[in-house]
Amino acid sequence: MKISNKSFFLFFRGLLFVLLLVVVGDFFMAKINGSIGQFFRDYYFGYGALGLILILALIRINFFLYESDYEVISIKSKSLVFGVLGAQNHRYEFPKGILVSYKYKGRLTKQLTLKLKSTNGDIRVKKFNLLFVSNQKIEKLLESLKGIVERNKRLP
């Protein structure tokens, strides 16, 4: 099963690209002599675009991909603004058999917490932000995780 918010993320990535073009374009248009340059002289468009980029960074839009087709669960998470810089790119792959439990907090935060048992018996906790994943996709994700946890409890 594959669950992602790719189309939502691509829309905001395109918006981020346009905002960056506005910042650069505003800077270069202000350097032109004449009436066009005076229109862009105060950098209002650039400041507005930078403000929107800051807002996008603060609301932490992220890409989320969950795959559980075979015996491995693969989860990929990437931040919109910081992912462009290479920071905050996370990819986790682990066998289904080590998933002990999961917990989902809905409403405002939409946070998924997975508890995994390592080979030496320790419990590792991984947290994921699902704020920009639709509720229907989250329901499918939770059904999949529920089935995996129940199967793991039946197995010795």
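This one's a predicted model, so the numbers in the text were calculated from it and none came from an experiment. Residue positions are counted from 1 within each chain, in the order its sequence is given. pLDDT decides what is reported in this predicted model: residues at 70 or higher carry local features, side-chain atom pairs at 80 or more are listed and counted, and totals for whole chains, interfaces and linings draw on all residues regardless. Note that the side-chain values use all heavy atoms of the structure and ignore hydrogens as well as water.

Bringing the overall build of the protein chain into the picture now. Strands here are runs of E lasting at least two residues and helices are runs of H or I lasting at least four, both read from the DSSP assignment and numbered beginning at the N terminus. Helix and strand counts for the protein chain stand at five helices and seven strands. When the helices and strands of the protein chain are listed from N to C terminus, the series reads β-α-α-α-β-β-α-β-β-β-β-α. The globule rule used here is 2.2 Å times the number of residues to the 0.38 power, and the radius of gyration it is set against is calculated over C-alpha atoms. The C-alpha radius of gyration of the protein chain comes to 21 Å, more than 25% above the 15 Å expected for a compact globule of 156 residues. Counting only C-alpha atoms, the protein chain reaches 80 × 30 × 25 Å along its principal axes. Between buried and exposed lies partly exposed: a residue is buried under 20% and exposed over 50% of the maximum accessible area for its type, with that area taken using a 1.4 Å probe on protein chains only. Taken over 156 residues, the protein chain has a buried fraction of 34%. Pairs at least 24 apart in sequence give 50% of the contacts found in the protein chain among residues at least 6 apart. Accessible surface for the protein chain amounts to roughly 10200 Å². Of this, 61% is attributable to carbon and sulfur atoms. Here, residues are in contact when the closest pair of their heavy atoms is within 4.5 Å. Note on areas: Shrake-Rupley with a 1.4 Å probe; residue coverage comes only from the protein chains shown.

Once that is clear, we can look at the pattern of salt bridges. Just to be clear on terms, a salt bridge is a Lys or Arg side-chain nitrogen sitting within 4 Å of an Asp or Glu carboxyl oxygen. Using the criterion set out here, one finds two salt bridges in the structure. Among the ionic pairs, E71 bridges to R151, the shortest N-O distance being 3.8 Å. Of this pair, E71 sits in the loop between β2 (62-67) and β3 (72-79) while R151 sits in helix α5 (residues 135-154); the two residues are 80 residues apart in sequence, bridging distant segments of the chain. For R151, a relative accessible area of 26% corresponds to the partly exposed category. Note that R91 and E93 form a salt bridge whose closest N and O atoms lie 3.1 Å from each other.

The next thing to look at is helix α1 (residues 6-30). Between its terminal C-alpha atoms α1 stretches 36 Å, which fits the 36 Å expected from 25 residues at 1.5 Å a residue. All of the buried residues in α1 are F9, F12, L16, L19, D26 and A30. The span you would expect from a helix comes to 1.5 Å times its residue count less one.

The subject of this paragraph is the environment of K78. With respect to the secondary-structure elements, K78 resides in strand β3. For the pair formed by K78 and E93, sequence separation is 15 residues and the distance between their alpha carbons is 15 Å.

In this section: the nonpolar core. Among the nonpolar cores identified, the biggest contains 19 residues, and F64, Y66, L99, L112, L114 and L141 are the most heavily contacted of them. Going through the elements one at a time, β2, β3, β6 (111-117) and α5 are the ones with two or more residues in this core. Among the elements that take part in this core, α5 stands out by supplying six residues, more than any other. Non-local contacts of L99, meaning those with residues more than four positions away in its chain, are made with I73, L114, K115, L116, L145, I148, V149 and N152. What is meant by a nonpolar core is a set of buried Ala, Val, Leu, Ile, Met, Phe, Trp, Tyr and Cys residues, joined one to another through side-chain atoms within 4.5 Å. Of all hydrophobic cores here, the second largest spans 14 residues; its members include F9, L19, L56 and F63.

Should DSSP find at least two bridges between two strands, the strands are regarded as paired. Spatial ordering of the open sheet is given by β1-β2-β3-β4, a layout of four strands whose pairing is antiparallel. Because the sheet does not close on itself, it has two edges, and the strands there are β1 (2-4) and β4 (89-95). Strand-to-strand twist across the sheet, computed as the mean angle between neighbouring axes with direction ignored, equals 5 degrees. Inspection of the sheet shows β1 paired to β2 by three bridges, in the antiparallel sense. When the sheet's bridge partners are listed, I3 is paired in β2 with Y66. Against the sheet, α5 engages β1, β2 and β3, with an angle of about 40 degrees to β2. Angles run from 0 to 180 degrees between N-to-C directions of axes, and those axes are lines fitted to C-alpha atoms, restricted for helices to the stretch in contact.

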